[in-house]
Every structure is written in C-alpha cells, then in structure tokens.
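Breakdown of the fold
Listed here are the chains, written in short residue letters.
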Amino acid sequence: MERTFIAIKPDGVQRGLISEILSRFERKGFKLVAIKIVVPSKDFAQKHYHDLKERPFFNGLCGFLSSGPVVAMVWEGEGVIKYGRKLIGATDPQKSEPGTIRGDLAVVVGRNIIHGSDGPETAKDEIKLWFKPEELIKYTSNAEKWIYGSSSSSTRF
Ligand code: GTP
Ligand code: MG
C-alpha cells in the first residue's frame, strides 16, 4: 500500500494544530503507520529540502524547520501521496482553497504549517530520511474493510 511522509512544521506545533491536522488525515480513511516529535538540526533540514538549495528562501526555510519541534509522520492508503497534497492545499496559503489545511489554517507561504511528499520517489526518500524501518508499524485496522470495501484494496463493492 502507498505511503507518504507528512510533517507538521514548528508553526503548526506551536499553534496547537497537531490534533486538527491528524484528524483530517485520519477521518479521510488514511492509516497512521509512524509518528514522532523531533527537533531537526539545520543540517537535517537542509537534507530534507535539498532540492530547494538554489532557492533564495532555502536558508530561512531550513532555519525555520529546525527552530522547534516537528511532528513527523508516515500515512498509508490508496492514493495517499497525491490526495495528501490535496488535503494540504497549495504551497502559498493565499492560493490554497478553503477546506484544505493550508487554506483553512495558514496565511503566508513561509509559515504554511505542514509538509507533504510531492511524489512516489520523494515519499520513499523522505520516509527513509526521517524514520528507521522498525519505526514503521504494520497493522490491520478494522476500519479498512469499511473504507475499501474488502480486505483487498483492489476489490470494490
Ligand atoms: P512542502 O510540503 O513544505 O515541501 O511544500 P510544497 O511542496 O508545497 O512547496 P515546495 O516544496 O516548493 O517548497 C517547500 C517549502 O518552502 C514551502 O512549503 C514553503 O514553506 C517554502 N517556500 C516555497 N516557496 C517559497 C517562497 O517563495 N518564499 C518563502 N519564504 N518560502 C517558500
Ligand atoms: Mg515540497
């Protein structure tokens, strides 16, 4: 089953939005398979955002990500990478639709409260960067047959 890396950035943690964000992914039907709270070092933040190292905001962005506790998570589910990005909304909260996490809860691009992997390759790399394999919990949720219609995600009613 598909997995994505989601992080609540220091602004989301400080603003008391952890449970709000968790509940949006949980209520959708996605499954939480890893979670921890960490203060990333600046070096670690630079690794996480390595593809943005040429951008003018890179230093500020990495300084910000390492400025306080971050809630790092792995969510699992059919289509979770793409749909997770939909739940999160556009990068700039001024352009995020109402109903999305950034649209409802953030105002400026530099404080957009949440990160989500942008594709299968980045999801794989980011999960590997933030979590050890044994921190990913494999389990069956009783809700799955109600979410997917059967124990096999490829079967539909
Ligand atoms: P992430 O999920 O955090 O990776 O955001 P994203 O995938 O929607 O956007 P992107 O990867 O392009 O940028 C990463 C982060 O850099 C964004 O979430 C913003 O916090 C920040 N960022 C992006 N563009 C700008 C910008 O123009 N100015 C500033 N200050 N920050 C930016
Ligand atoms: Mg990104």
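On a predicted model such as this, the values are computed, not experimentally measured, just so you know.

Turning our eyes to something else, we now look at the pairing of strand S3 (residues 70–76). S3 sits mainly inside the fold: 7 of its 7 residues count as buried. The sheet contact formed by strand S1 (residues 3–8) and S3 spans 6 bridges and is antiparallel. Looking at the pairing, Ala 7 lines up with Ala 72 of S3. Here strand S2 (residues 31–38) runs beside S3; their pairing, made up of 7 bridges, is antiparallel. Within S3, the position partnered with Val 38 by the bridge is Val 70.

Another point: the site of ligand 1. In the vicinity of ligand 1, the contacting residues are Lys 9, Tyr 49, Leu 52, Phe 57, Leu 61, Arg 85, Thr 91, Arg 102, Val 109, Asn 112, His 115 and Gly 116. Contact distances for ligand 1 include 2.7 Å between an oxygen atom and a side-chain N or O atom of Tyr 49. Contact with the protein chains covers 75% of the free accessible surface of ligand 1, which is 600 Å². Broken down by class, the residue content of the shell around ligand 1 amounts to 5 nonpolar, 4 polar and 3 charged.

Under the UniProt annotation, "active site" (unreviewed entry) lies at His 115. Mapped onto the elements, His 115 comes out in strand S4 (residues 114–116). When near neighbours in sequence (up to four residues on either side) are disregarded, His 115 contacts Phe 5, Ile 6, Ala 7, Lys 9, His 48, Tyr 49, Ile 88, Arg 102 and Glu 126.

Scanning the model with the defined rule gives 5 aromatic pairs in all. Each ring, one from Phe 5 and one from Phe 131, has its centre 6.4 Å from the other, and the planes form 65°; the classification is edge-to-face. A residue pair is termed long-range when its members are at least 10 positions apart, and Phe 5 in strand S1 and Phe 131 in the loop between helix H7 (120–130) and helix H8 (144–148) qualify at 126 residues. Neither Phe 5 nor Phe 131 differs from the other in exposure class; each is buried. Between Phe 44 and Trp 130 the ring centres are 4.7 Å apart and the planes differ by 90°, which places this aromatic pair in the edge-to-face class. With a gap of 86 residues between them, Phe 44 in helix H3 (residues 42–48) and Trp 130 in helix H7 connect regions that are remote in the sequence. Under the relative-accessibility criterion, Trp 130 is labelled buried at 5%. One cation-aromatic arrangement involves Lys 31 over Tyr 139; the distance from NZ or CZ to the ring centre is 4.8 Å.

Calculation rules
- Residues numbered from 1 in each chain as written.
- Chains lettered and ligands numbered in written order.
- Predicted model: local features only at pLDDT ≥ 70, side-chain atom pairs only at ≥ 80, totals over all residues.
- Heavy atoms only, no water.
- Buried < 20%, exposed > 50% of the residue type's maximum accessible area, 1.4 Å probe, protein only.
- Helix = DSSP H or I, 4+ residues; strand = E, 2+ residues; numbered from the N terminus.
- Pairing = 2+ DSSP bridges.
- Near = heavy atom within 4 Å.
- Polar contact = N/O pair within 3.5 Å; in protein donor to acceptor, adjacent residues only side chain to side chain.
- Areas by Shrake-Rupley, 256 points an atom, 1.4 Å probe, with all protein chains shown as cover.
- Nonpolar A, V, L, I, M, F, W, Y, C, P; charged D, E, K, R; others polar.
- UniProt positions renumbered as here; feature names shortened; annotations may be inferred.
- Contact = heavy atoms within 4.5 Å.
- Phe/Tyr/Trp six-rings, centres within 6.5 Å; stacked < 30°, edge-to-face > 60°.
- Lys NZ or Arg CZ within 6 Å of the ring centre and 35° of its normal.

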